[in-house]
Amino acid sequence: MDSKQRFFYLTAILFVGVFGVILGTKFEEINKNLKEKKEAARQQKEKERISKISEVVLPKDGFTLPISWGDLGPKLMSIGVIDKGKFEEAMGLTDDEKKILNQGGDIALKIDMANSHFVVNMLWALGLAQKSIVYEEGPLGQEYKKEQGNFASTGGWTLAKKQAINYLGKYKIISLSEDQEGRVAEIAKNVYRPCCGNPTWFPDCNHGMAALAAIELMVAKDIPDEEIYKNILKLNSFWFPDTYLTTAYYFEKQGVSWDKVDAKQVLSAEFSSGKGSSDIAKKVGPIPGAPSGGSCGS
């Protein structure tokens, strides 16, 4: 091979090498772009899935429960567990909420993102004052009887005329038979909330007492247990939106849509206690755009 042939040969090898490097780099770039597009499409699909789940778990129009406020507002103010001035100042009430508090009437109990704070506080006051088997046979009436005033649900209620402990379980605002009290007890033992590790049977926080009041109102109307669990789940969902959007996402991944879940199961310690909900959140991971809320006292 003469020098001229050797030159062309080496040039060809160099050209092929350079072309290979360029082609390889281009291929990597194309492959990277394809992966990025695929990931973007996957994320968009997940966002759409989450949006659809959110519409079911936290509908814009909220939920209407099969109970009404009646004259609960005026009654709670008359006994002093709600001090009108303190309550209105703390809550910043809408005109509709002022009507519920001051006049009452056959107004359905409805919950949505805008009024969830009002609902939890009204029910908290009712749950605190209502005479209940929970305060007689449950932990607050037994092992923690001497510390009754030291919990978030009691010491944390500052919107009464006197200290909250003065109202605990003192008034029969809701009329319940002995059998109905038994139903309240059994349901309360199965209803947890994500801010605590205790069931409603031990309502040591505001959400626990609010859930207890809702259970009592529904039992008084002889609403079936299955429906009561479904309605408590609706309340919990707006009190703890991030938790239940995550839980619904978890069930969706298991092939169970939110409208088909067993509400009693979801409200159990496995899913709705502080530990249970935390375990589910770890399994699911971050949910883009999930709302937050639901600490004790809020």
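Preceding this paragraph is the structure being described.
Let us look at the structure shown here. (Residues numbered from 1 in each chain as written. Predicted model: local features only at pLDDT ≥ 70, side-chain atom pairs only at ≥ 80, totals over all residues. Heavy atoms only, no water.)

## Side note on the overall build of the protein chain
The cut-off we apply is this: Numbered from the N terminus, helices here are DSSP runs of H or I no shorter than four residues, and strands are runs of E no shorter than two. Only protein chains enter the accessibility calculation, which uses a 1.4 Å probe. A residue is then buried if its area is under 20% of the maximum for its type, exposed if over 50%, and partly exposed in between. Throughout, a contact is declared for two residues whenever any of their heavy atoms are within 4.5 Å. Accessible surface is estimated by sampling points in the Shrake-Rupley manner with a 1.4 Å probe; for residues, cover comes only from the protein chains shown.
Looking only at helices and strands, one finds 13 helices and two strands in the protein chain. Expressed as a percentage of its 298 residues, the buried residues of the protein chain come to 45%. Sequence separation of 24 or more characterises 76% of the internal contacts of the protein chain that already satisfy a separation of 6 or more. As presented, the protein chain carries roughly 15,700 Å² of accessible surface, and 53% of it is formed by carbon and sulfur atoms.

## Section: the packing of helix H8 (residues 206-220) against helix H9 (residues 225-239)
Operational definition: Lines fitted to C-alpha atoms define the axes here, with helix axes fitted over just the stretch in contact, and angles between the N-to-C directions of these axes take values from 0 to 180 degrees. Reported orientations rely on four angle classes, namely roughly parallel under 35 degrees, roughly antiparallel over 145, roughly perpendicular from 65 to 115, and oblique for the rest. Each crossing gets its handedness from the near helix: less than a right angle anticlockwise from the far helix is left-handed, clockwise is right-handed. Classification used: nonpolar for Ala, Val, Leu, Ile, Met, Phe, Trp, Tyr, Cys and Pro, charged for Asp, Glu, Lys and Arg, polar for all others including Gly.
The N-to-C vectors of H8 and H9 enclose an angle of 150°; their axes lie 10 Å apart at closest approach. In terms of axis orientation, H8 runs roughly antiparallel to H9. Considering only the axes of H8 and H9, their crossing is right-handed. Taken together, the residues of H9 that come into contact with H8 (itself represented by His207, Ala210, Ala211, Ala214, Ile215, Met218 and Val219) are Ile228, Asn231, Ile232, Leu235 and Trp239. Tallied by class, residues from the contact of H8 with H9 come to ten nonpolar, two polar and no charged.

## Points about the state of the cysteines
What is meant by a disulfide is a covalent connection between two cysteines, made through their sulfur atoms. Using the following cut-off: Disulfides are defined in this document as cysteine sulfur pairs within 2.5 Å.
Enumeration over the complete set of coordinates arrives at zero disulfides. The cysteine Cys196 is free of any disulfide, with Cys205 supplying the nearest cysteine sulfur at 3.5 Å.

## Here's the deal with the pattern of salt bridges
A pair can form between side chains of opposite charge whenever their charged atoms are brought close. As a reminder of what qualifies: A pair is scored as a salt bridge if a Lys or Arg side-chain nitrogen falls within 4 Å of a carboxyl oxygen belonging to Asp or Glu.
The final tally for this structure, using the stated rule, is ten salt bridges. Salt-bridge contacts for Lys84 lead to Glu88; the nearest nitrogen and oxygen are separated by 3.0 Å. You can see Lys84 and its partner Glu88 sitting in helix H3 (residues 84-91), four residues apart, about one turn around the helix. We classify Lys84 as partly exposed; its relative accessible area is 39%. Here Glu88 falls in the partly exposed class, since its relative accessible area comes to 24%.

## A closer look at the packing of aromatic side chains
Geometry of an aromatic ring pair is reported as the spacing of the ring centres plus the angle between the planes. Where we set the bar: What counts as a ring pair is set by centres within 6.5 Å for rings of Phe, Tyr and Trp (its six-membered ring), and what kind of pair is set by the plane angle: stacked under 30 degrees, edge-to-face over 60, tilted for all other angles.
Applying the stated criterion to the full structure yields eleven aromatic pairs. Ring plane angle 70° and centroid distance 5.8 Å describe the contact between Phe63 and Phe238, whose orientation is recorded as edge-to-face. Taken together, the positions of Phe63 in strand S1 (residues 63-70) and Phe238 in helix H9 put the pair 175 residues apart, joining distant regions of the chain. Taking relative accessible area as the criterion, Phe63 reaches 16% and is therefore assigned buried. The class for Phe238 is buried, based on a relative accessible area of 2%.

## Digging into the nonpolar core
Note the following rule: In these notes, a set of buried Ala, Val, Leu, Ile, Met, Phe, Trp, Tyr and Cys residues joined through side-chain atoms within 4.5 Å is what counts as a nonpolar core.
If you look at the biggest cluster of nonpolar residues, it comprises 84 residues, and the most contacted ones within it are Ile82, Phe87, Leu123, Trp157 and Leu235. Apart from the residues within four sequence positions on either side, Phe87 is in contact with Ile82, Leu93, Leu101, Phe118, Asn121, Met122, Trp157 and Leu159.

## A few points about unusual backbone geometry
Here the phi dihedral of Asp222 falls at roughly 60°; this positive angle occurs in a residue that is not glycine. Considering the arrangement of structural elements, one finds Asp222 in the loop between H8 and H9.

## A look at the environment of Phe271
Examined against the element boundaries, Phe271 turns out to sit in helix H12 (residues 269-272). For the pair Phe271 and Thr243, spaced 28 residues apart in sequence, the C-alpha to C-alpha distance is 9.3 Å. When sequence neighbours within four positions are dropped, the list of residues in contact with Phe271 reads Thr247, Tyr250, Phe251, Gln265, Val266, Gly276, Ser277 and Ile280.

## A short note on the side chain of Ser132
To keep things clear, this is the line we draw: Under the rule applied, a polar contact is a pair of N or O atoms within 3.5 Å (in protein, one hydrogen donor and one hydrogen acceptor; residues adjacent in sequence only if both atoms are side-chain atoms).
Here Ser132 is to be found in the loop between helix H5 (116-129) and helix H6 (134-137). Assessed through its relative accessible area of 1%, Ser132 is described here as buried. Within the local environment of Ser132, its side chain forms a polar contact with the backbone nitrogen of Val134, the two atoms lying 3.1 Å apart. In this structure the side chain of Ser132 is engaged in a polar contact, spanning 3.0 Å, whose partner is the side chain of Glu216. Contact partners of Ser132, with chain neighbours within four places excluded, come to Glu181, Leu212 and Glu216.

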